[in-house]
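Take a look at the letters that make up each chain.
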Amino acid sequence: MKLVQKLTLTMVVGMCVVGAVHGFLRVRRDAEFFQTDMRRDHQLPGRLLGAVVAGTWRTEGREHALKVIHEADQADNRVRITWIDGPPAGTAGLREGRFYTYVPVTLSGAVSLNGASLGTLELSESFDEEAAYIRSNALRTMTTTLILAMVAAVLVAVLGTVFVGGPMRRLTEKARRVGAGDLTGPLRLPQHDEIGELAREMNAMCDRLAETNRRLSDETTARLRALEQLRHADRLATVGKLASGVAHELGTPLNVVSARAKMIASREVEGDALTESARIIGEQADRITRIVRQLLDFARGRAGSAGGSLALTSRHPGDLRALAQRAITLLGSLAEKRQVVLSLEPATVEAPSAMVQLDDGGLDQAVTNLVVNAIHAMSQPGRVTLSVEMGRVTPPADLGGGPDEYLRLAVRDQGSGIAPDVLPHIFEPFFTTKDVGEGTGLGLSVSYGIVRDHGGWITVDSAPGRGSTFNIYLPPAVPERQLNPSS
């Protein structure tokens, strides 16, 4: 029920209750007044008649006394006078539409309580006129109350709609817009009561929320820009580490190109041999192009977007095993230089089940950082193993949810492990245990942020002397048939 309707109903009910109570009290007061007036009108003539009846009874006998009573009854048509031998059979007051009054008569007079009792004079008068007046009065009171209630209802409905219903409806619409995120369009109410004050406070609240949203947007943009700059700085640091390996990779095809070019220039080859040399030069050039493009793609990533800010690129399903294989290919030269073998364990899940939502290069950077750290963690020749498998795990509390199926990409090394006092801090920005100049302390922190952006998390299983295992957990990509059930 609307507020104005409640106010109107409350007013009508209140007026009716007040009118009913007033009418009841007035009817009772009128009835008491008429009865008191009748009793007073009966008492005086009753006492006078009783004195006359007592005197006549004493001097002339009973018959003359009853005759006096009969003559008195005939003289007044409005009041009926009856003689009762002994005490009255009923009580004085209103009974069966008539009002009764009893006056005892004694030999010494009607007003005396001494002497022998002769009987009682019963004076009765019809109460119909008074009752009709009382009913008429009650009807007028009821009618007046109903009219007042209707007038009050109309006034409350009109004034309530103008001063309460309309403003409250506008306040409700404003609240809905605020709930939907629309903070524009201030609410203007001309009234200066509590509702008007509420509207002004709501406008002020919207202004404060708009300003807070603007500041949050600016701070979020600045934070994302700084985060992407950190990620790009870490990416460039990794590129620097890869430079020597890439230079070694480029050396072989460049030597082949140079030798074949010299053979062609000195005319040492002719005919089919010349064509073969040209083909080999083209193959090696393509190989060089692939190596350089791979390095450039890794170096650019999302930082190549306009303005160098964090670009919220669209994500697409990608094979997690293929991503791990790309990291092994990119870091093969660096691992070979440190006498570390990189390998990808045989698939334990089918290709469609290993699909996750990928962005343009972000997750590649995270996996590459973990593999680079695994290579650097090994001071002796050994092996770094990558594996991809599906398992049912419980995500961290801050991600929420219960146990579910997640893809796990594990990076295992045979290094010296991580000390227990260092383990809680490894994902903190700029935290590093490497010598000055060998690490920025950003790799693991950036990797952790990238994985969280993809809806996953990273765990570490490590102990001194038995190596480390970094686990990346990611939700599997939703199949197309689930995204488009109607297709």
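Source: prediction; values computed, not measured. (Residues numbered from 1 in each chain as written. Predicted model: local features only at pLDDT ≥ 70, side-chain atom pairs only at ≥ 80, totals over all residues. Heavy atoms only, no water.)

1. Re the overall build of the chain
Argument step 1. Counting its secondary structure elements, the chain contains 10 helices and 11 strands.
Argument step 2. Residue burial in the chain is summarised as follows: out of 487 residues, 36% are buried.
Argument step 3. Pairs at least 24 residues apart make up 70% of the contacts formed inside the chain by residues separated by at least 6 positions.
Argument step 4. Summed over its atoms, the accessible surface of the chain is roughly 28,200 Å², and 58% of this surface lies on carbon and sulfur atoms. (Helix = DSSP H or I, 4+ residues; strand = E, 2+ residues; numbered from the N terminus. Buried < 20%, exposed > 50% of the residue type's maximum accessible area, 1.4 Å probe, protein only. Contact = heavy atoms within 4.5 Å. Areas by Shrake-Rupley, 256 points an atom, 1.4 Å probe, with all protein chains shown as cover.)

2. Thoughts on the packing of aromatic side chains
How two aromatic rings sit relative to each other is given by the distance of their centres and the angle of their planes.
Argument step 1. Per the counting criterion, the structure on display carries five aromatic pairs.
Argument step 2. Plain terms: the ring middles of Y406 and W457 are 4.9 Å apart, the flat faces sit at 75° to each other, and that makes the pair edge-to-face. With Y406 in strand β9 (residues 404–412) and W457 in strand β10 (residues 457–462), the pair connects residues that are 51 residues apart, well separated along the chain.
Argument step 3. With relative accessibility at 5%, the residue W457 sits in the buried group.
Argument step 4. Feature note: the residues F33, F34 and Y133 constitute an aromatic cluster, connected by ring pairs.
Argument step 5. The ring of Y100 has R95 sitting right over it, with the charged end atom 4.2 Å from the ring centre. (Phe/Tyr/Trp six-rings, centres within 6.5 Å; stacked < 30°, edge-to-face > 60°. Lys NZ or Arg CZ within 6 Å of the ring centre and 35° of its normal.)

3. A word on the sheet that holds strand β1 (residues 79–84)
Argument step 1. Taking strand neighbours across the sheet as the criterion, the four strands line up as β1-β4-β3-β2 in an open arrangement whose pairing is antiparallel. The sheet terminates laterally at β1 and β2 (93–95), the two strands that pair on one side only. When the angles between neighbouring strand axes are averaged without regard to direction, this sheet yields 30°.
Argument step 2. Pairing geometry for β1 and strand β4 (residues 117–126), over six bridges, is antiparallel. Residue pairing in the sheet places I81 in a bridge with L123 of β4.
Argument step 3. The strands that helix α2 (residues 62–75) touches are β1 and β4; relative to β1, the one it contacts most, it runs at about 165°. (Pairing = 2+ DSSP bridges. Axes fitted to C-alpha atoms, helices over the stretch in contact; angles between N-to-C directions.)

4. A look at the sheet that holds β9
Argument step 1. Within the open sheet, the five strands sit side by side as β6-β8-β9-β11-β10. Their pairing is mixed. On the outer flanks of this sheet lie β6 (340–344) and β10, each paired with one strand and no other. The sheet shows a mean angle of 20° between the axes of neighbouring strands, direction not considered.
Argument step 2. Both strand β8 (residues 382–393) and β9 contribute to a ladder of nine bridges, which runs antiparallel. Across the sheet, residue R392 finds its bridge partner in β9, namely E405.

5. Overview of a nonpolar patch on the surface
Argument step 1. On the surface, I147, V151, V154, L155, V158, L159, V162 and F163 cluster together into a nonpolar patch covering about 720 Å² of accessible area.
Argument step 2. Under the relative-accessibility criterion, F163 is labelled partly exposed at 44%. (Patch = residues over 30% accessible without salt bridge, like charges linked within 9 Å, V, L, I, M, F, W, Y side chains within 5 Å. Salt bridge = Lys/Arg side-chain N within 4 Å of Asp/Glu carboxyl O.)

6. Here's the deal with the packing of helix α6 (residues 320–330) against helix α8 (residues 362–376)
Argument step 1. One can describe the packing of α6 onto α8 by two numbers: an axis separation of 9 Å at closest approach and a directional angle of 55°. As far as their axial angle goes, α8 and α6 are oblique. Remark: the crossing between α6 and α8 carries right-handed chirality. Across from L320, L323, R326 and A327 in α6, the residues of α8 making contact are L363, D364, V367 and T368.
Argument step 2. Taken together, the residues that form the contact of α6 with α8 break down as five nonpolar, one polar and two charged. (Parallel < 35°, antiparallel > 145°, perpendicular 65-115°, else oblique. Left-handed = near helix turned anticlockwise from the far one by under 90°. Nonpolar A, V, L, I, M, F, W, Y, C, P; charged D, E, K, R; others polar.)

7. Examining the pattern of salt bridges
Argument step 1. Summed over the entire model, instances satisfying the criterion amount to 13 salt bridges.
Argument step 2. The partner of E211 in a salt bridge is R215, with the nearest N and O atoms 3.7 Å apart. Separated by four residues within a single helix, E211 and R215 lie in helix α4 (residues 194–265), roughly one turn from each other.
Argument step 3. Overall, E211 belongs to the partly exposed group, its relative accessible area being 32%.
Argument step 4. By relative accessible area, R215 is classed as partly exposed at 40%.
Argument step 5. Where D461 meets R466, a salt bridge forms, and the shortest distance between an N and an O atom there is 3.3 Å.

8. Here's the deal with the nonpolar core
Argument step 1. Membership of the largest hydrophobic core comes to 39 residues, with the highest contact counts inside it found for L342, L363, L386 and L409.
Argument step 2. When residues of this core are assigned to their parent elements, the largest contribution, eight residues, is made by α8.
Argument step 3. Sequence-distant contacts of L409, that is, excluding residues within four places in its chain, are made with L320, A324, V367, L386, S387, V388, F470, N471 and I472. (Core = buried A, V, L, I, M, F, W, Y, C linked by side-chain atoms within 4.5 Å.)

9. Let's talk about α2
Argument step 1. Over its 14 residues, α2 extends 20 Å from the first C-alpha to the last, a length consistent with the 20 Å expected when each residue adds 1.5 Å.
Argument step 2. Turning to α2, its buried residues are A65, I69 and D73. Buried residues of α2 fall within an arc of 85° about the axis and therefore sit on the same side. In α2, those exposed residues whose orientation departs by more than 90 degrees from the buried face are E63, K67, Q74 and A75. (Expected span 1.5 Å × (residues − 1). Arc of directions from axis to C-beta.)

10. Comments concerning the confidence of the model for the chain
Argument step 1. Across the chain, pLDDT averages 79, with 82% of residues at or above 70.
Argument step 2. The low-confidence segment residues 111–115 (pLDDT under 50) makes six contacts with residues lying over four places distant or belonging to another chain.
Argument step 3. Every residue in residues 302–313 is under pLDDT 50, and counting partners more than four places away or in other chains gives 20 contacts. (pLDDT = per-residue confidence, 0-100.)

11. Things to note about the environment of V12
Argument step 1. Topologically, V12 is positioned in helix α1 (residues 3–59).
Argument step 2. Among the residues examined, V12 registers a relative accessible area of 24% and is labelled partly exposed.
Argument step 3. Expressed as a C-alpha distance, the spacing of V12 and V151, which sit 139 residues apart in the sequence, is 9.2 Å.
Argument step 4. Apart from the residues within four sequence positions on either side, V12 is in contact with A149 and A153.

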